[in-house]
Structures are given as structure tokens and as C-alpha cells.
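Each chain is listed here by its residues.
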Amino acid sequence: GIQVEQSPPDLILQEGANSTLRCNFSDSVNNLQWFHQNPWGQLINLFYIPSGTKQNGRLSATTVATERYSLLYISSSQTTDSGVYFCAVINNAGNMLTFGGGTRLMVKP
Amino acid sequence: DVKVTQSSRYLVKRTGEKVFLECVQDMDHENMFWYRQDPGLGLRLIYFSYDVKMKEKGDIPEGYSVSREKKERFSLILESASTNQTSMYLCASTGTVGQETQYFGPGTRLLVL
């Protein structure tokens, strides 16, 4: 099956700093999503991004499908950005999501 | 807003007990999923269902079964709970896989003693 790797596994930032999270995947995929899991466990969709770049406030994501990676940018980080960020890819059959191991982010005040 | 609810936030069970985890969604989604989340392993798919009474194995179905008798409800069953099934269980639903986002429930933290 598809392998999804995220880096770094852990990240600690000072409030106001910028960061880039990376997601590599091993095969061509139908689509890709970024999720944020808050400290209470709730997973929230951030981006649905098969290719190109999307922006939503302080967050943006870029997927380069031909090179099999996606990047999530967090600018001017806030303590509420803390949690785990997952990328997940949808296989070409279009019926399953495969998740990466996540990046655990802590933003210190 | 889409709402996905799970029957319990926390459960403590003993080895060998039968455990039912229920998930309900209110958006008439065809597709529903059960994942387990363990530290360092991300989310792993246990089973999914694309229609009532239909089910497909995910990556780690061993030790689990599922039931989808109604479109809005998808149950995960541990026939005989074991300590290695201690985990966080997350349910999700979506309309069209690959074209819409998956919506997740709040999760159930299961501890098997």
C-alpha cells in the first residue's frame, strides 16, 4: 500500500514563529488532505489539496503531486495551533485514506 | 454543520469482554470509517462501509468486526477485547471518497485491562 511519511515528528515553536511541515508519499494519489487534531482529540480538516497551493488565513498548503510531496506552512504561530498535524492521501481507487504518522506541534507563549 | 458522534468518550473494559463502539452521522453520508490511533503510528483504518450492510476491511481488521444496519450508524465490535486493543478509536464519514473531506467524531479512548 501507499506509504505516507511526515516530518518532523515533533516541533516546538515560540509564538509568532513560522514553520513548514512536510508530507511525502510513495505513489501517485487521487487526493491529499491536511488535518489538525486539537489537544482534545478532535480532527479538523484544514485543506483538501490534490495539487497547487491553497491559503486559509495564516495557513497555506502546497502539493506537488508529480514529486509526491505536500507542504503545510504555518505563519505567525499561536498557542492555539498546538496539536498534531496529519496528512492523509487517497489512493487511486478512491476508496481509502492513508494517514502519515503526524507532526506534533507545541507553540509556547 | 456535519455532526459525527461517538457513543462514549472514555471506556474501560476487561480482557475478554465484548465491546461495542457506536458512531452516528447526520449528513446522510454513504461512506463511514473506523480508525484507531496510536502514538507514532498515525491513524490506521480498521474497516469502512460504503453502504448499508456493506463493509470492507482496512489495514488492520484482525480482532474487529463491524455492523452497518442503518445508513447513519456504523458500529465497531471487539468480540473479545485484548490489552493490545487499548487505543483511541475514531469514526469518520464522507459523501464521496476522494471528492469530499472526511468528517471525524470526537474519538473514544478505550482502555482494556
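Everything that follows concerns the structure shown earlier in this document.
Only a predicted model underlies this, so the values are computations on that prediction, with no experimental measurement involved.

**Student:** Got a minute to help me understand the packing of aromatic side chains in this structure?
**Tutor:** Within a pair of aromatic rings, the relevant descriptors are the distance that separates the centres and the angle that separates the planes. Under the definition given, this model contains nine aromatic pairs over all chains. Aromatic side chains Phe86 of chain A and Phe99 of chain A sit 6.1 Å apart centroid to centroid with 80 degrees between the ring planes, which places their arrangement in the edge-to-face category. Taken as a pair, Phe86 of chain A in strand 9 (residues 83-90) and Phe99 of chain A in strand 10 (residues 97-99) lie far apart in primary sequence, 13 residues in all. Consider the rings of Phe99 of chain A and Phe104 of chain B, whose centres lie 6.1 Å apart with planes at 80 degrees: the pair is edge-to-face. You can see Phe99 of chain A sitting in strand 10 and its partner Phe104 of chain B sitting in strand 10 (residues 103-104), one on each of two chains. Phe104 of chain B shares its class with Phe99 of chain A; the two are buried. Through a chain of ring-to-ring contacts, the aromatic side chains of Phe35, Phe86 and Phe99 of chain A together with Phe33, Tyr35, Phe48 and Phe104 of chain B assemble into a single cluster. Geometry around Tyr69 of chain A places Arg22 of chain A over its ring, the cationic atom sitting 4.2 Å from the centre.

**Student:** How should the layout of surface pockets be read in this particular structure?
**Tutor:** Over the atoms a probe the size of a water molecule is rolled, and this reveals where empty space is left. In this structure, the largest pocket occupies an estimated 430 Å³ of space. The residue inventory of the lining of the largest pocket, partitioned by class, reads seven nonpolar, twelve polar and four charged. Listing elements by their share of the lining of the second largest pocket, those giving two or more residues are strand 1 (4-7) and strand 10 of chain A together with strand 5 (42-49) of chain B.

**Student:** Hey, could you run me through the state of the cysteines in this one?
**Tutor:** Scanning the model with the defined rule gives two disulfides over all chains in all. In this model Cys23 of chain A forms its disulfide with Cys87 of chain A; the gap between the sulfur atoms is 1.8 Å. On the sign convention where negative is left-handed, the bridge of Cys23 of chain A and Cys87 of chain A, at about 50 degrees about the S-S bond, is right-handed. Separated by 64 residues along the polypeptide, Cys23 of chain A in strand 3 (residues 19-25) and Cys87 of chain A in strand 9 bring together distant segments of the chain. Both residues of the pair, Cys23 of chain A and Cys87 of chain A, belong to the buried class. Here Cys23 of chain B is linked by a disulfide to Cys91 of chain B, with a sulfur-sulfur distance of 1.8 Å. Between Cys23 of chain B and Cys91 of chain B the disulfide shows an S-S torsion of about -75 degrees. By sign, it is left-handed. Linking Cys23 of chain B in strand 3 (residues 19-25) with Cys91 of chain B in strand 9 (residues 87-94), this pair joins segments that are 68 residues apart in sequence. You'll find Cys23 of chain B and Cys91 of chain B in the same group, each marked buried.

Calculation rules
- Residues numbered from 1 in each chain as written.
- Chains lettered and ligands numbered in written order.
- Predicted model: local features only at pLDDT ≥ 70, side-chain atom pairs only at ≥ 80, totals over all residues.
- Heavy atoms only, no water.
- Phe/Tyr/Trp six-rings, centres within 6.5 Å; stacked < 30°, edge-to-face > 60°.
- Helix = DSSP H or I, 4+ residues; strand = E, 2+ residues; numbered from the N terminus.
- Buried < 20%, exposed > 50% of the residue type's maximum accessible area, 1.4 Å probe, protein only.
- Lys NZ or Arg CZ within 6 Å of the ring centre and 35° of its normal.
- 1 Å grid on protein atoms, 1.4 Å probe; cavity = no way out; pocket = protein on both sides within 12 Å on 5 of 7 lines; lining within 4 Å.
- Points joined across faces, edges and corners; volume = space filled by probe spheres on them.
- Nonpolar A, V, L, I, M, F, W, Y, C, P; charged D, E, K, R; others polar.
- Disulfide = S-S within 2.5 Å.

Keep in mind these values describe shape, not function.
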